[in-house]
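Chain by chain, the residues:
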Amino acid sequence: MLLAGTRPEAVKLAPLTLALGQRPGLRPLLVHSGQHQGMVEQALVPFDLGVDAWLDIPPRVSGTQAELVSALLPALDAALRRFSPGAIVVQGDTTTGLAGALAAFWLGIPVVHLEAGLRTHDLAAPFPEEGTRQMVSRIASLHLAPTEGAVAALLAEGIDRRRIVRTGNTVVDAVLAVAARDLPAHDQGLALLEMEIAETGGRLLLVTSHRRESWGEPLGRTLAAVRRIVAEHPDVQVLFPVHPNPAVRAQVVGELGGRARVTITEPLEYPDLVRALRLASLVLTDSGGIQEEAPTFGTPVLVLREVTERAEAIDAGCAWLVGTETDLITATAGRLLRGELRPSPVGNPYGDGKAAELASAAIEELLGLPEQAVPDLEQARS
């Protein structure tokens, strides 16, 4: 069973679902927890995948983590008893992942943690994700770590090395697969921007900000930086896909709406996001996934956080940690746009598109099935 409740989970689980389906003796069952209705299904479409089963949970009223977990646990328990999977795969650091790991652990079903070992060692940042992934690591049977840094973090916490496989990140598999299809822009705002940039020779600045710690004053400082960047660079066009949270949307529209060379859209479908990352000259984001995806296209990233669990992109010279200080964001963006600062041409530090193949072989091994030959599996264990 592969459990998804959010769009990023679905994107990262899709390549693994496809890879598992190619291996004799394994049958992937993709289950939607219902955490984000409609988003999982939308994210799976570019991979020609669909949801196999949905959890029956009531509509959320308060929107709290406690409400969501209290609904997920009995629904997951029922689904796990019904399907009796050989293992459950949970991704990353969401409430869906934590609830899935707990419900499976209580039933003695092995938990496979995809994207294991990311750490800031600060339970307040990102919140609650840092705590969530640490808790999942305590009960996982197999840790699919994306990088050497993630492996080292798990080893430092006493995880048995034999239970860790360094696979790379499946989001690289996903972004390469979608980019290869080269689908035209679906969002009208992106399509119009693309035409205008082609005609004028302008440059695209992609901006996203959605994390809880960014709401309010931090987001206000970021938006002030965006206004300054637009003023100082007349050829720059801004694309800002806005998070659906009403407070975030109101603040972004209030401070950037109606400004020349600023386009505000709904959240982009995944093929459109990949297209925007390929087109962009620079990205400003607090998204973890975008930090992993943008290096595939050599697109530099300014990380709008005080700390990041994805230090590999920064260490590789693909990204810069700038927080939400207006002056620092503006100055660093200016250096990149003027060519005074350039991203390192090292490729994507999060993988080469073979993560799903390695992960599926490791799951085969966990379940005691005859393994199909994967030459890099032993190296991934060392």
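What counts and how
Residues numbered from 1 in each chain as written. Predicted model: local features only at pLDDT ≥ 70, side-chain atom pairs only at ≥ 80, totals over all residues. Heavy atoms only, no water. Helix = DSSP H or I, 4+ residues; strand = E, 2+ residues; numbered from the N terminus. Contact = heavy atoms within 4.5 Å. Core = buried A, V, L, I, M, F, W, Y, C linked by side-chain atoms within 4.5 Å. Buried < 20%, exposed > 50% of the residue type's maximum accessible area, 1.4 Å probe, protein only. Domains from an automatic or database assignment. Polar contact = N/O pair within 3.5 Å; in protein donor to acceptor, adjacent residues only side chain to side chain. UniProt positions renumbered as here; feature names shortened; annotations may be inferred. Pairing = 2+ DSSP bridges. Axes fitted to C-alpha atoms, helices over the stretch in contact; angles between N-to-C directions.

Remarks on the side chain of Thr326
Part 1 of the argument: Tracing the backbone shows Thr326 in helix H14 (residues 326-337).
Part 2 of the argument: For Thr326, the residues in contact, after removing those within four places along its chain, are Arg221, Ala224, Ala225 and Arg228.

Some details on the environment of Ile197
Part 1 of the argument: Turning to its location among the elements, Ile197 is positioned in helix H8 (residues 188-200).
Part 2 of the argument: Spatially, the C-alpha atom of Ile197 lies 20 Å from that of Glu266, the residues being 69 residues apart in sequence.
Part 3 of the argument: Not counting residues within four places of it along the chain, the set of residues in contact with Ile197 comprises Gly202, Arg203, Leu204, Gln237 and Leu279.

Observations regarding the nonpolar core
Part 1 of the argument: The biggest cluster of nonpolar side chains holds 56 residues, and the ones touching the most others in it are Leu16, Leu44, Val89, Leu144, Leu206, Leu239 and Tyr270.
Part 2 of the argument: Counting only domains with at least three residues in this core, you end up with domain 1 (2-169 + 351-381) and domain 2 (187-338).
Part 3 of the argument: In contact with Leu206, other than residues within four places in its own chain, are Leu239, Pro241, Leu273, Ala276, Leu277, Ala280, Leu282, Val283 and Leu284.

Description of the side chain of Glu364
Part 1 of the argument: Structurally, Glu364 can be placed in helix H15 (residues 355-366).
Part 2 of the argument: A relative accessible area of 0% means that Glu364 is categorised as buried.
Part 3 of the argument: Within the structure, the side chain of Glu364 is placed 3.2 Å from the side chain of Arg23, a separation counted as a polar contact.

Let's talk about the UniProt feature "domain: UDP-N-acetylglucosamine 2-epimerase" (unreviewed entry) in the chain
Part 1 of the argument: Sequence positions flagged by UniProt for "domain: UDP-N-acetylglucosamine 2-epimerase" (unreviewed entry) are, in local numbering, residues 20-363.
Part 2 of the argument: In residues 20-363, helix accounts for 44% and strand for 13%; the two terminal C-alpha atoms are 9 Å from one another.

Considerations on the sheet that holds strand S8 (residues 203-208)
Part 1 of the argument: The six strands lie next to each other as S10-S9-S8-S11-S12-S13, forming an open sheet whose pairing is parallel. Taken across any chain shown, the strands that pair with only one partner, and hence form the sheet edges, are strand S10 (262-265) and strand S13 (319-321). Within the sheet, the average angular offset between the axes of one strand and its neighbour, ignoring direction, is 20°.
Part 2 of the argument: Where S8 and strand S11 (residues 282-285) come together, four bridges link them in parallel fashion. Following the sheet pairing, Leu205 is matched in S11 by Leu282.
Part 3 of the argument: Against the sheet, H8 makes contact with S8, strand S9 (236-241) and S10, and its axis sits at roughly 170° relative to S9, the strand it touches most.
Part 4 of the argument: Here helix H10 (residues 246-256) sits on the sheet in contact with S9 and S10, set at roughly 160° to S10.

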